[in-house]
Amino acid sequence: MGTYSREDILRLIEDEGVEFIRMQFTDLFGQLKNVAVTASQAERALDGEVMLDGSSIHGFVRVEESDQCLRPDLDTFAILPWRPQLGKVARLICDVYEPDGTPFAGDPRNILKRVLAQAGNRVFQVGAELEFFLFQADENGKPTTRTSDQAGYFDLGPLDHGEGVRREVALALEDMGVEVEASHHEAAAGQHEIDLKYADALTAADSIMTGKLAVKTLAQRSGLHATFMPKPIPGVPGSGMHVNMSLSQDGRNLFSDEAAPDGLSLLARQFLAGLLDHASGFCAVTNPLVNSYKRLVPGYEAPCHAAWSAANRSALVRVPSHRGARLELRSPDPACNPYLAFAVCLAAGLDGVERRLDPPPAVTENLSAMSPEDLAKRGVRSLPASLDEALSALERDPVALEALGPCAGRYLEGKRREWEAYRTQVTQWELDRYLTAY
């Protein structure tokens, strides 16, 4: 993304023939929203005078405290490359503010900024790997879980039917200033991955939201439905969003120590220990759906236990052996709100640093194949097995709750309602299993 002044943007709007500006923001549960204005209202929009009714946004505020305003981050200005070239459409990512000029405590972007400030002059660097499925639509345009794609990991066309969509997404993101490191077909039929280059955490979260919008929009233009649902099909790998993270200062990677056997500095090891210590507590944020816990099951390389390793992909945290010292957290899925996910991960890591925690020994064996007795002997804890368990763990974790701030209660309330709605359903599986047997 670029670096723009107010005057730069006004000039670009005129020179590029922009007629429409989407003022985008993200709600508490990770849904991208926007208020659109015409170019004639650009100055008012850039001055933060566009208002919204926060009481109508899921998880924001009550009806008696509804007025809020959008303040755009000027550096996020980008022209949407998939829109018409005559009468162009641009976007600005916004922070949500109270009418008195104070940041809205329930705005996910403001939540992440508050936690980033706790890192002081250290920069939290994040690179995300976005996985998703491309499915066919039915004759009415409704999404299905069918795919004619028969490709597997790293396959290419003609087996890979989503190659064209991935190419369009990568080029569109590059046009918008989002750097794509790689894209490829994933393990399951119809499953794909786009890897975004690491950046500071706020920019990385903005890029994820931009990437998800680009994937869904360009897939739809190709007659396909893109979904970031973690586990849309049983029996095949689910979609994750591996998060690679490090801390830097003055351009130096603070996680790196070339003299250490594993290349990790003391700071990195303490940060790693914090992640493991709070893994259950932040799971309801990094894995926010009922469906998320159908991905976190043994046998599909998704982590189920709070352990770490250098190469073992069944571990929660992996230390990759290339491109500098970093920690790869493998549990998050792409349904999460990236602003909140990065906030709780950073808070967990910084807590490990502050308390000078030591990580347990690395686990080289396949954790999914280990017995409960062996796991207990090594002190390896299981991650929550359901959204209900994850929410209870979040309620017991003061560090994760503090990271979420005043909106923690609203987040828990919304997710508890989601769990109750699921828990009280009678599924087709239950009918097939029990209706005639009992």
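1. As for unusual backbone geometry
Positioned with a positive phi, D250 is a non-glycine residue whose angle comes to about 55 degrees. Looking at the secondary structure, you find D250 in the loop between β12 (241-249) and β13 (252-253).

2. Here's the deal with a nonpolar patch on the surface
Residues V426, L431 and L435 make up a contiguous nonpolar surface patch of roughly 300 Å² in combined accessible area. Following the sequence through the fold, V426 ends up in the loop between α12 (408-423) and α13 (428-434).

3. Points about the side chain of D333
Take D333: it is sitting in the loop between β16 (327-329) and α8 (338-354). Side chain to side chain, D333 and N287 meet in a polar contact 3.4 Å long. The residues touching D333, leaving out its near neighbours within four places in the chain, are P230, S239, G240, M241, T286, N287, P288, S292 and R295.

4. Here we look at helix α6 (residues 266-277)
Its 12 residues place the ends of α6 16 Å apart at the C-alpha level, agreeing with the 16 Å of an ideal helix rising 1.5 Å per residue. Judged by how many residues are buried, α6 sits mostly within the fold: nine of 12 residues are covered. Looking only at α6, the buried set comprises L267, A268, Q270, F271, L272, A273, G274, L275 and L276.

5. Some remarks on the packing of aromatic side chains
By the definition in use, this model includes nine aromatic pairs. Summarising the aromatic geometry, the rings of F133 and F135 are spaced 5.3 Å apart at their centres and angled 10 degrees between planes, so their arrangement reads as stacked. Through pairs of rings, three or more aromatic residues link up here, namely F124, F255 and F271. The residue whose ring lies beneath R71 is Y97, and the NZ or CZ to ring-centre distance is 4.1 Å. One cation-aromatic arrangement involves K231 over Y300; the distance from NZ or CZ to the ring centre is 3.9 Å.

6. Some details on the pattern of salt bridges
Opposite charge on two side chains allows them to pair when their charged atoms are near. By the definition in use, this model includes 19 salt bridges. A salt bridge links E16 to K88; the shortest N-O distance between them is 2.7 Å. Taken together, the residues span a long stretch of sequence, with E16 in the loop between α1 (6-15) and β1 (18-26) and K88 in strand β6 (residues 88-97) at a distance of 72 residues. Overall, the relative accessible area of 11% leaves K88 in the buried class.

7. A look at the packing of helix α5 (residues 201-221) against α8
At a closest axis distance of 9 Å, the pairing of α5 and α8 adopts a crossing angle of 150 degrees. With respect to each other, α5 and α8 are oriented roughly antiparallel. For the element pair α5 and α8, the recorded crossing hand is right-handed. Of the residues in α8, those in contact with A201, L202, A204, A205, D206, I208 and M209 of α5 are P338, Y339 and F342.

8. So, the pairing of β1
Pairing of β1 with β6 involves six bridges; the strand directions are parallel. Paired with Q24 across the bridge in β6 is I93. As judged from the seven bridges shared by β1 and strand β2 (residues 32-38), these two strands associate in the antiparallel manner. Bridge pairing in β2 links Q24 to N34. Between the antiparallel neighbours β1 and β2 lie five residues, among them G30 with a positive phi of about 85 degrees.

Conventions adopted
Residues numbered from 1 in each chain as written. Predicted model: local features only at pLDDT ≥ 70, side-chain atom pairs only at ≥ 80, totals over all residues. Heavy atoms only, no water. Helix = DSSP H or I, 4+ residues; strand = E, 2+ residues; numbered from the N terminus. Patch = residues over 30% accessible without salt bridge, like charges linked within 9 Å, V, L, I, M, F, W, Y side chains within 5 Å. Areas by Shrake-Rupley, 256 points an atom, 1.4 Å probe, with all protein chains shown as cover. Salt bridge = Lys/Arg side-chain N within 4 Å of Asp/Glu carboxyl O. Polar contact = N/O pair within 3.5 Å; in protein donor to acceptor, adjacent residues only side chain to side chain. Contact = heavy atoms within 4.5 Å. Expected span 1.5 Å × (residues − 1). Buried < 20%, exposed > 50% of the residue type's maximum accessible area, 1.4 Å probe, protein only. Phe/Tyr/Trp six-rings, centres within 6.5 Å; stacked < 30°, edge-to-face > 60°. Lys NZ or Arg CZ within 6 Å of the ring centre and 35° of its normal. Axes fitted to C-alpha atoms, helices over the stretch in contact; angles between N-to-C directions. Parallel < 35°, antiparallel > 145°, perpendicular 65-115°, else oblique. Left-handed = near helix turned anticlockwise from the far one by under 90°. Pairing = 2+ DSSP bridges.

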